[in-house]
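A structural walkthrough
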Amino acid sequence: MVKGCIGCGACCRKYPLFASKADAEREPLIRKEAHELPERVQDKTRAYELHRLPDQEACIFNDQNNRCRIYATRPAMCRNFIPSPKACQAARERIAGR
Ligand code: SF4
Ligand code: SF4
C-alpha cells in the first residue's frame, strides 16, 4: 500500500478505470481478464476496461479485502493516482454519488 493510503478502496471503485496496451504487455492478466475495447475507440492510455459490466462495483482486480491482485504491475492510471486527503475524499464522494 502506498504512503497515505488507508485501504478504503474508493479509488478502485466506480471510476472509469482503464489500462493501456503497454499495461497489458507488462501484466498478462489484464489481457486475460479485462474487457478489450474496440480498436476504433482505443487510444494511448485506454485499451482495456477494468469493469466487466457497467454496474460492477469495483475493478476486476480489486479483491474482497480491497487489495489489488496485480499491485506490483498495476496500470499506469492507478500508479498516477497519488493518495492525498483531497484526492481520496473526492474518490469517496464519487462512489457515494455526491
Ligand atoms: S481512495 Fe485513497 S485511501 Fe482509499 S484506497 Fe485509494 S489511495 Fe487508498
Ligand atoms: S488495477 Fe488494482 S489499483 Fe488499479 S483500479 Fe484495479 S484494483 Fe485498483
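Just so you know, these numbers come straight off a predicted model, no measurement behind them. (Residues numbered from 1 in each chain as written. Chains lettered and ligands numbered in written order. Predicted model: local features only at pLDDT ≥ 70, side-chain atom pairs only at ≥ 80, totals over all residues.)

For the rest of this paragraph, the subject is the site of ligand 2. In the vicinity of ligand 2, the residues found are C12, L17, L50, C59, F61, N62, C68, I70, R74, P75 and C78. Partitioning the shell around ligand 2 into residue classes produces nine nonpolar, one polar and one charged. (Near = placed C-beta within 6 Å. Nonpolar A, V, L, I, M, F, W, Y, C, P; charged D, E, K, R; others polar.)

What follows is about the site of ligand 1. Near ligand 1 the following residues occur: C5, I6, G7, C8, G9, A10, C11, P83, C88 and A91. When the residues that make up the shell around ligand 1 are grouped by side-chain class, the tally is eight nonpolar, two polar and no charged.

Glancing now at the nonpolar core. Counting 15 residues, the largest nonpolar core has F18, A19, A34, Y48, L50, C59 and I60 as the members making the most contacts within it. Not counting residues within four places of it along the chain, the set of residues in contact with L50 comprises L17, F18, A19, A34, C59, I60 and F61. (Core = buried A, V, L, I, M, F, W, Y, C linked by C-beta atoms within 7 Å. Buried ≥ 20, exposed ≤ 12 C-beta atoms within 10 Å, placed from the backbone. Contact = placed C-beta atoms within 7 Å.)

The topology assignment puts P28 in helix α2 (residues 28–33). Accessibility expressed as a C-beta count within 10 Å gives 11 for P28, which makes it exposed. Along the primary structure P28 and R94 are separated by 66 residues, whereas in three dimensions their C-alpha atoms are 30 Å apart. (Helix = DSSP H or I, 4+ residues; strand = E, 2+ residues; numbered from the N terminus.)

Here the focus is the environment of R46. Tracing the sequence through the fold places R46 in the loop between β2 (35–36) and β3 (48–49). The exposure class assigned to R46 is partly exposed, which follows from the 17 C-beta atoms found within 10 Å. Each C-alpha atom, one on R46 and one on M77, is 9.3 Å from the other, the two residues being 31 residues apart in sequence. Other than its neighbours up to four places away in sequence, R46 contacts F18, S20 and L37.

Now for the confidence of the model for the protein chain. The predicted coordinates of low-pLDDT regions are not to be read in fine detail. Confidence in the prediction of the protein chain, expressed as mean pLDDT, is 90, and 96% of residues score 70 or more. For the protein chain, helix α4 (residues 85–95) is the element with the lowest average pLDDT, namely 91, and helix α1 (residues 21–26) is the one with the highest, namely 97. (pLDDT = per-residue confidence, 0-100.)

If you trace the three strands from one edge of the open sheet to the other, you get β1-β3-β2, paired in antiparallel fashion. Either end of the sheet is taken by a strand with one partner, and the two such strands are β1 (18–19) and β2. The sheet contact formed by β2 and β3 spans two bridges and is antiparallel. Within β3, the position partnered with H35 by the bridge is E49. (Pairing = 2+ DSSP bridges.)

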